[in-house]
Amino acid sequence: MRVITFGTFDLFHIGHLNILRRAKELGNHLIVGVSTDALNFSKKSYYPVYNEEDRLQIVQAIQYVDEAFYEESLEKKRDYIIQHAADILVMGDDWQGKFDFVSDVCKVVYLPRTEGISTSGLRKDHL
Ligand code: C2G
């Protein structure tokens, strides 16, 4: 089974590692779409702390990850899923229901987030 997931993975932390491990456990090939700096800016009106090249390299180096690519638009999810022949889309449950519109091309699974840690919390702590 080919599993795909998406995220910014800024200030890479244990919540990110947990979701990648659990996503990989659902199949045998894990593909990760790493949101570009521009996509983040368009969603949140600020840039990630780590730039997209660094975030992509960090995600690629994780042992559970088989391939990683840049996610340039949230609306292209269906195209990315088809291009990568993914069987399962995994997202954290902060996105519960948001990607059900691709359930005609793959299975959609939302996993519970790791409690107590987030990139936005880390950003605030270090201001
Ligand atoms: N996550 C988690 N537990 C945390 C923090 C994050 O399980 N404590 C999960 C999120 O649910 C998400 C993944 O880790 O599935 C990446 O999180 P972010 O980098 O915050 O991703 P986000 O900015 O939500 O980007 O196309 C979707 C977007 O690219 C998702």
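Note: the structure precedes this text.
This section reports on the structure supplied with the text. Source: prediction; values computed, not measured. (Residues numbered from 1 in each chain as written. Predicted model: local features only at pLDDT ≥ 70, side-chain atom pairs only at ≥ 80, totals over all residues. Heavy atoms only, no water.)

### Observations concerning the side chain of Glu-52
Here is step 1: Among the structural elements, Glu-52 can be located in helix 3 (residues 52-61).
Here is step 2: It is Arg-55 that comes nearest to the buried, bridge-free Glu-52 among opposite-charge side chains, at 4.8 Å.
Here is step 3: A distance of 2.8 Å separates a polar side-chain atom of Glu-52 from the backbone nitrogen of Asp-37.
Here is step 4: Apart from residues no more than four positions distant in its own chain, Glu-52 is found in contact with Thr-36, Asp-37, Ala-38 and Tyr-70. (Helix = DSSP H or I, 4+ residues; strand = E, 2+ residues; numbered from the N terminus. Buried < 20%, exposed > 50% of the residue type's maximum accessible area, 1.4 Å probe, protein only. Lys, Arg positive; Asp, Glu negative; His and termini not counted. Salt bridge = Lys/Arg side-chain N within 4 Å of Asp/Glu carboxyl O. Polar contact = N/O pair within 3.5 Å; in protein donor to acceptor, adjacent residues only side chain to side chain. Contact = heavy atoms within 4.5 Å.)

### As for the site of the ligand
Here is step 1: Near the ligand, the surroundings consist of 21 residues, among which Ser-35, Glu-71, Lys-77, Asp-94 and Ile-117 are the closest.
Here is step 2: Within the backbone of Gly-92, an N or O atom sits 3.0 Å from an oxygen atom of the ligand.
Here is step 3: The protein chains hide 95% of the 630 Å² of surface that the ligand would expose on its own.
Here is step 4: At the level of elements, strand 1 (2-7), helix 1 (14-25), helix 2 (37-44) and strand 4 (88-92) are the ones that each hand at least two residues to the shell around the ligand.
Here is step 5: Sorting elements by how many residues they give to the shell around the ligand places helix 1 first, with 3 residues.
Here is step 6: When its residues are assigned to classes, the shell around the ligand shows 7 nonpolar, 8 polar and 6 charged. (Near = heavy atom within 4 Å. Areas by Shrake-Rupley, 256 points an atom, 1.4 Å probe, with all protein chains shown as cover. Nonpolar A, V, L, I, M, F, W, Y, C, P; charged D, E, K, R; others polar.)

### A word on the packing of aromatic side chains
Here is step 1: Within the structure shown, the criterion is met by 7 aromatic pairs.
Here is step 2: Relative to Phe-69, the ring of Phe-6 lies with its centre 6.1 Å away and its plane at 90°, an arrangement referred to as edge-to-face. Within this pair, whereas Phe-6 is found in strand 1, its partner Phe-69 is found in strand 3 (residues 67-71), the two being separated by 63 residues in sequence. The burial state of Phe-6 is the same as that of Phe-69; both residues are buried.
Here is step 3: In this structure an aromatic cluster arises from ring pairing among Phe-6, Phe-69 and Tyr-80.
Here is step 4: The ring of Phe-6 is capped by Lys-77, whose NZ or CZ atom sits 4.5 Å from the centre of that ring. (Phe/Tyr/Trp six-rings, centres within 6.5 Å; stacked < 30°, edge-to-face > 60°. Lys NZ or Arg CZ within 6 Å of the ring centre and 35° of its normal.)

### Quick notes on the sheet that holds strand 4
Here is step 1: Read across the open sheet, the 5 strands follow the order 3-2-1-4-5; overall the sheet is parallel. On the outer flanks of this sheet lie strand 3 and strand 5 (107-111), each paired with one strand and no other. On average, adjacent strands in this sheet sit at an angle of 25° to one another, irrespective of strand direction.
Here is step 2: Relative to strand 4, strand 1 runs parallel, the two sharing 3 bridges. Directly across from Val-3, in strand 4, lies its bridge partner Ile-88.
Here is step 3: Taken strand by strand, helix 3 contacts strand 2 (29-35) and strand 3, and its axis lies near 155° from that of strand 3. (Pairing = 2+ DSSP bridges. Axes fitted to C-alpha atoms, helices over the stretch in contact; angles between N-to-C directions.)

The analysis is restricted to geometry; functional conclusions fall outside its scope.
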